[in-house]
Protein chains: 2
Amino acid sequence: MKNKGILIIVSGFSGAGKGTVMKKLMSDYDNYALSISATTRGPRTGEQDGREYFFKTVEDFEAMIANDQLIEYAQYVGNYYGTPKAYVEQMLNDGKDVILEIEMQGAMKVKEKMPETLLVFVTPPTAAELKNRLVGRGTEDMATIAARLKRASEETVYMDKYDYLLINDDLDECVKELHGIIQAEHSKVSRNINKINFFREDAKIFSEGE
Amino acid sequence: MKNKGILIIVSGFSGAGKGTVMKKLMSDYDNYALSISATTRGPRTGEQDGREYFFKTVEDFEAMIANDQLIEYAQYVGNYYGTPKAYVEQMLNDGKDVILEIEMQGAMKVKEKMPETLLVFVTPPTAAELKNRLVGRGTEDMATIAARLKRASEETVYMDKYDYLLINDDLDECVKELHGIIQAEHSKVSRNINKINFFREDAKIFSEGE
């Protein structure tokens with residue numbers, strides 16, 4: 001009996017290192033698929049439909065909303081972004097574990113719709129370290145960094161709404177830990193009810209014929 | 001902040017290979033402690049108080065029951081057997097993950113008293129394989145094997161009351177999987193509320209002084 005894949009949402013503060021963790025997870029292990037978003041923004045040079053994004057017209061995107069074909073969606077700087085249900089379902093049925101990197105409000109909505117989703121919250125070990133990383137990147141001015149930190153502080157209310165807390169201290173350790181969490185999740189009783197029922201049926205023969 | 005250890009109950013059918021799995025887990029990894037039972041049966045040659053068992057008089061054992069000093073206990077062939085709470089608590093506070101190998105009714109009682117206990121159910125991949133192993137051991141007559149199989153068939157009702165289903169097909173894989181399950185459990189949000197609250201307090205500084 002082939003296990004269905006698991007949908008995993010990874011969220012975390014800006015500066016927590018989610019992107020790096022995801023990239024290493026995908027390159028170190030075989031069984032993962034990244035969810036591909038649909039968007040109404042135009043493709044940039046080098047972007048390919050079905051690789052970076054599924055590129056959609058506004059009409060098509062709104063039809064997807066109307067037909068409940070998106071797991072979640074949001075608007076950002078005048079464009080729609082969303083997660084197509086069909087693609088994710090197909091990967092899950094193929095036995096792939098699908099990773100969806102989205103922000104926290106979206107994560108809560110998905111969990112409501114699909115309670116079997118695994119929620120992982122990535123955080124640096126301390127708030128001071130979060131600040132260090134944002135400053136250390138050297139890509140943003142102090143006002144932008146302050147805004148990101150303020151947002152992180154507000155986002156801490158979401159931390160205990162997740163299933164797992166993944167502390168990104170050492171990258172290698174963190175990726176191994178995430179992989180371990182997902183592997184363990186496959187052994188959850190709630191994800192193995194078919195196997196249990198099969199075993200029960202099978203074992204009935206031992207109670208018969210007395 | 002040092003994490004408290006996790007209490008893990010391992011149960012499974014007679015013939016599932018629990019003993020072998022436990023032995024290898026203890027020898028392959030450092031962070032585990034096996035719970036030591038208290039009993040009223042006398043020590044056998046070579047057995048040492050506080051190593052194989054805590055040896056108790058009936059009076060002492062019944063006083064432990066009366067004073068709620070046992071996590072669970074049962075009577076078996078005229079003797080008491082039980083799990084002393086103080087020893088387990090001490091190991092957990094030292095940060096050790098404590099493994100308790102007990103049968104299913106006892107496991108349910110412990111989970112009721114201590115809901116943060118992790119329940120792992122060990123099973124061979126199939127009912128046929130369970131029979132093969134019991135027959136293959138060659139240590140019991142067919143009537144005893146039939147009785148064990150009948151009991152296993154009845155015990156399947158407990159399978160979905162556990163947290164994790166551990167399929168013991170390949171020993172090495174099985175031990176790694178069990179270790180992985182326990183490791184992942186340490187990252188559960190519910191086991192990291194202190195860290196989350198600490199981070200929240202710490203991050204407050206980013207919302208202040210606007």
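Above this text sits the structure in question.
Our subject in this report is the structure included herewith. Every chain begins its residue count from 1, and numbering advances along the sequence as written. The lettering of chains begins at A and the numbering of ligands begins at 1, in the order of writing. Whole-chain, interface and lining totals are the exception, using all residues; otherwise, since this is a predicted model, local features are given only for residues with pLDDT of at least 70 and side-chain atom pairs are given and counted only at 80 or more.

Remarks on the sheet that holds strand β9 (residues 164-167) of chain B
Residues and elements named next belong to chain B. Following DSSP output, two strands are said to pair if at least two bridges run between them. A run of H or I in DSSP becomes a helix once it reaches four residues, and a run of E becomes a strand once it reaches two; helices and strands are each numbered from the N terminus. Spatial strand order, β2-β7-β1-β8-β9: five strands in an open sheet with parallel pairing. Strand pairing shows two members of the sheet lacking a second neighbour, β2 (32-34) and β9, which therefore form its edges. Between one strand and the next, the sheet's axes are offset by a mean angle of 30 degrees, whatever the strand orientation. As defined by bridge partners, β2 adjoins strand β7 (residues 97-101) across three bridges and the pair is classed as parallel. Directly across from Tyr-32, in β7, lies its bridge partner Asp-97. Relative to strand β1 (residues 7-12), helix α4 (residues 104-113) is tilted by about 155 degrees, and along the sheet it contacts β1 and β8 (118-123). Axes here refer to lines fitted to C-alpha atoms; in helices the fit is confined to the stretch in contact. Angles between the N-to-C directions go from 0 to 180 degrees. C-beta atoms are first placed from the backbone for all residues, and any pair lying within 7 Å is then listed as a contact.

Here's the deal with the interface of chain A and chain B
Contacts between chain A and chain B engage 35 residues on the former and 34 residues on the latter. Breaking the side of chain A that touches chain B down by element, the ones donating at least two residues are α6 (142-155), β9 (164-167), α7 (171-185) and α8 (193-203) of chain A. Per-element accounting of the side of chain A that touches chain B gives the leading share, seven residues, to α8 of chain A. Under this grouping Gly is polar, as are all residues other than the nonpolar Ala, Val, Leu, Ile, Met, Phe, Trp, Tyr, Cys and Pro and the charged Asp, Glu, Lys and Arg. Tallied by class, the residues present in the side of chain A that touches chain B amount to 16 nonpolar, nine polar and 10 charged.

Focus: the relation of the copies chain A and chain B
Here the copies were fitted onto each other by least squares, based on C-alpha atoms from residues at pLDDT of at least 70 in both. Between chain A and chain B, which share one sequence, the superposing operator has a rotation angle of 180 degrees and an axial displacement of 0.0 Å; the RMSD is 0.0 Å. The transformation just described matches what one would write down for a two-fold rotation axis. The position closest to the rotation axis in chain A is occupied by the C-alpha of Gly-180 of chain A, lying 3.0 Å away. Here 97% of the interface residues in chain A have copies in chain B that are interface residues too; the copies meet face to matching face.

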